[in-house]
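Descriptive analysis of the structure
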Amino acid sequence: MVRQVLKLPMARNLPPLNALRAFEAAGRLGSFTRAAAELNVSHSAISRHVRGLEARLNVHLFAKTAKGVELTEPGRTYLARLTPVFDEISDATEDLTGVPSPKVTLTSEQTIVEKWLIPRLQQFEADCPQVDLVLLTTQKVLDIEAHDADMALRYFFKASPQKKGIPVFTAPFRPYGTPDLARKIAGAGAAAIAEQRLIPNAPYSPWEEWFEQAGLSGARLDIQPSMNAVLAIASAAAGNGIVLMTPELVQPEVDAGRLVPLSDIAVDDGGYYLVINQRAGRRRNVRTVRDWLLAQSSEYRQ
């Protein structure tokens with residue numbers, strides 16, 4: 001007698017979904033606290049899910065540090081494969097339940113919007129036609145969670161304890177002046193720059209740090225009254241002096257031949273970082289804007 005054995009497909013090796021969500025959020029955000037806020041659960045719930053997942057997998061996904069926790073190498077490998085899967089599930093759900101909201105709100109200071117983003121809006125519209133990008137400019141550092149902005153592009157000083165987010169622009173400060181001024185001081189070095197009128201960028205312009213980097217910490221500095229970055233750049237382009245600026249902000253003037261770099265000496269003192277609202281970060285169009293900004297700004301990162 002021949003007995004036929006029915007072969008059943010093997011079940012997937014899937015840990016509990018809540019544990020996977022807790023680990024993915026904690027690993028992506030780098031914090032159990034931020035993961036708890038995103039998933040609207042308690043810190044202890046995130047910790048319990050992660051410990052349970054580690055026990056099930058028999059591997060340490062996080063290591064404790066003085067600042068909290070960080071992913072282990074197996075944790076980073078696991079996260080890199082899980083995050084795209086959760087994004088695919090989110091995208092599939094958006095497609096099934098309706099058209100995702102096209103509006104993405106970005107808040108930032110006027111300078112970076114006017115000098116870098118606006119000249120690229122036509123390119124953005126061509127690359128991301130499905131996104132309705134709303135720009136909000138303010139000098140105030142808004143709480144994007146409270147104001148319902150999807151993302152913010154903010155400047156953080158290098159030593160700032162509040163620095164967080166994704167680095168977008170981290171190229172250092174360099175002095176810029178007109179081509180005529182560049183010819184006038186060609187070959188004279190940093191000492192010649194110290195003799196010119198210097199235009200500070202409010203609220204911060206690291207001229208003293210720049211001259212210290214150049215070996216002229218005791219130089220007499222002819223610093224003009226402070227003005228905002230847009231006006232400081234315009235003043236330098238008009239031949240009123242030298243502005244110390246990062247390259248993404250003077251790119252339009254450099255491209256037009258109105259400003260040129262005057263020295264290779266540079267000061268690295270911070271950069272612009274992209275901070276994303278936890279409630280909006282996994283939306284497809286928000287991720288699209290994030291990826292576009294990072295691709296377009298790659299030349300301005302150290």
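Just so it is clear, the model here is predicted, and its values are computed rather than measured. (Residues numbered from 1 in each chain as written. Predicted model: local features only at pLDDT ≥ 70, side-chain atom pairs only at ≥ 80, totals over all residues. Heavy atoms only, no water.)

**Quick notes on the overall build of the protein**
Each helix and strand in the protein was counted, giving 13 helices and 14 strands. Looking at the protein residue by residue over its 302 residues, the buried ones come to 43%. Within the protein, residue pairs in contact and separated by at least 24 positions form 76% of the contacts whose partners lie at least 6 positions apart. (Helix = DSSP H or I, 4+ residues; strand = E, 2+ residues; numbered from the N terminus. Buried < 20%, exposed > 50% of the residue type's maximum accessible area, 1.4 Å probe, protein only. Contact = heavy atoms within 4.5 Å.)

**So, helix H3 (residues 43-57)**
Taking 1.5 Å as the rise per residue, H3 with 15 residues should run 21 Å; its terminal C-alpha atoms sit 21 Å apart, in good agreement. Among all positions in H3, only Ala45, Ile46, Ser47, Val50, Leu53 and Glu54 are buried. Of the residues flanking the end of H3, it is Asn58, one or two places downstream, whose phi is positive at about 60 degrees. (Expected span 1.5 Å × (residues − 1).)

**Details of empty space enclosed by the protein**
For the coordinates displayed, the defined rule picks out 1 cavity of 30 Å³ or more. Taken as a whole, the largest cavity holds about 50 Å³ of empty space. Forming the boundary of the largest cavity are Leu106, Ser108, Ile112, Val113, Trp116, Leu117, Leu153 and Leu293. Of the residues in the lining of the largest cavity, the class split is 7 nonpolar, 1 polar and no charged. (1 Å grid on protein atoms, 1.4 Å probe; cavity = no way out; pocket = protein on both sides within 12 Å on 5 of 7 lines; lining within 4 Å. Points joined across faces, edges and corners; volume = space filled by probe spheres on them. Nonpolar A, V, L, I, M, F, W, Y, C, P; charged D, E, K, R; others polar.)

**Points about the packing of aromatic side chains**
Inspection of every chain in the model, using the stated rule, returns 14 aromatic pairs. Here the aromatic rings of Phe156 and Tyr273 are separated by 6.0 Å at their centres, their planes lie at 75 degrees, and the arrangement is edge-to-face. Linking Phe156 in strand E5 (residues 151-157) with Tyr273 in strand E14 (residues 270-276), this pair joins segments that are 117 residues apart in sequence. On the basis of relative accessibility, which here comes to 10%, the residue Phe156 falls in the buried class. (Phe/Tyr/Trp six-rings, centres within 6.5 Å; stacked < 30°, edge-to-face > 60°.)

**Describing the sheet that holds E14**
Whether parallel or antiparallel, the strands of a sheet pair through hydrogen bonds between backbone atoms. Across the sheet, 5 strands lie side by side as E4-E3-E5-E14-E6; this open sheet has mixed pairing. Every other strand in the sheet has two partners, leaving strand E4 (132-137) and strand E6 (166-169) as the edge strands with one partner each. Pairwise comparison of adjacent strand axes, ignoring direction, gives a mean angle of 30 degrees for this sheet. Two elements, strand E3 (residues 103-108) and E4, share 6 bridges in a ladder whose sense is parallel. (Pairing = 2+ DSSP bridges. Axes fitted to C-alpha atoms, helices over the stretch in contact; angles between N-to-C directions.)

**What about helix H4 (residues 73-97)?**
Given a rise of 1.5 Å per residue, 25 residues ought to cover 36 Å, and the 37 Å separating the end C-alpha atoms of H4 matches this to within 8%. Of all the residues in H4, the buried ones are Gly75, Leu79, Leu82, Thr83, Phe86, Asp87, Asp91 and Glu94. Structurally, H4 contributes buried residues whose contacts are with helix H1 (17-29), strand E2 (68-71) and helix H13 (284-296).

**Quick word on the packing of H1 against H4**
As a packed pair, H1 and H4 sit with axes 10 Å apart at the nearest point and diverge in direction by 110 degrees. In terms of axis orientation, H1 runs roughly perpendicular to H4. Across the interface between the two elements, Leu17, Leu20, Arg21, Phe23, Glu24, Gly27 and Arg28 from H1 touch Gly75, Tyr78, Leu79, Leu82, Thr83 and Phe86 from H4. Across the contact of H1 with H4, the residue classes break down as 7 nonpolar, 3 polar and 3 charged. (Parallel < 35°, antiparallel > 145°, perpendicular 65-115°, else oblique.)

**Points about the side chain of Ser263**
Among the structural elements, Ser263 can be located in the loop between strand E13 (260-261) and E14. On the basis of relative accessibility, which here comes to 15%, the residue Ser263 falls in the buried class. Separated by 3.0 Å, the side chain of Ser263 and the backbone nitrogen of Ile265 make a polar contact. Residue contacts for Ser263: discarding those within four places in its chain leaves Arg174, Pro175, Ile193 and Trp210. (Polar contact = N/O pair within 3.5 Å; in protein donor to acceptor, adjacent residues only side chain to side chain.)

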